[in-house]
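# Structural characterization, general
Letter by letter, the chains look like this.
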Amino acid sequence: MANILPFPEDTPLAMQIKSLGDEELLDFWEETQFLERFLKEGTPVQNQDSMQYEKLILQELQLRSCRRCAATAQL
């Protein structure tokens, strides 16, 4: 399970996400999806925080994927 607690509260979420390993990042994304579904069932209002999490996580995954492809192409 992903753990973002070692950071001070004022550390931006994007910085915290960058520090996670690939598996932790995917776990965190999965947890946000579960929580979003849970919140939707209890409340008809869209949770903007969950959308921010998803956007940042997906951007980080895309960046990592591009870096891997570029590193492979250089070999």
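Here the structure is a predicted model, which is why all the values come from computation and not from measurement. (Residues numbered from 1 in each chain as written. Predicted model: local features only at pLDDT ≥ 70, side-chain atom pairs only at ≥ 80, totals over all residues. Heavy atoms only, no water.)

## A look at helix H2 (residues 22–42)
Over its 21 residues, H2 extends 31 Å from the first C-alpha to the last, a length consistent with the 30 Å expected when each residue adds 1.5 Å. For H2, the full list of buried residues reads Leu25, Phe28, Thr32, Gln33 and Glu36. For H2, the arc enclosing every buried residue in end-on projection is 140 degrees, short of the 170-degree limit, so these residues lie on one face. For H2, the exposed residues lying more than 90 degrees away from the buried face are Glu23, Glu30, Phe34, Phe38, Glu41 and Gly42. (Helix = DSSP H or I, 4+ residues; strand = E, 2+ residues; numbered from the N terminus. Expected span 1.5 Å × (residues − 1). Buried < 20%, exposed > 50% of the residue type's maximum accessible area, 1.4 Å probe, protein only. Arc of directions from axis to C-beta.)

## Here's the deal with the nonpolar core
Counting seven residues, the largest nonpolar core consists of Leu13, Ile17, Leu20, Leu25, Phe28, Leu56 and Ile57. Every element with two or more residues in this core is listed here: helix H1 (13–18), H2 and helix H3 (48–74). With sequence-adjacent residues up to four places away left out, isoleucine 57 is seen in contact with Ile17, Leu25, Phe28, Trp29 and Thr32. (Core = buried A, V, L, I, M, F, W, Y, C linked by side-chain atoms within 4.5 Å. Contact = heavy atoms within 4.5 Å.)

## Here we look at the packing of aromatic side chains
Taken as a whole and assessed by the stated rule, the structure comprises one aromatic pair. Aromatic side chains phenylalanine 28 and tyrosine 53 sit 5.6 Å apart centroid to centroid with 80 degrees between the ring planes, which places their arrangement in the edge-to-face category. Linking phenylalanine 28 in helix H2 with tyrosine 53 in helix H3, this pair joins segments that are 25 residues apart in sequence. Under the relative-accessibility criterion, tyrosine 53 is labelled partly exposed at 31%. (Phe/Tyr/Trp six-rings, centres within 6.5 Å; stacked < 30°, edge-to-face > 60°.)

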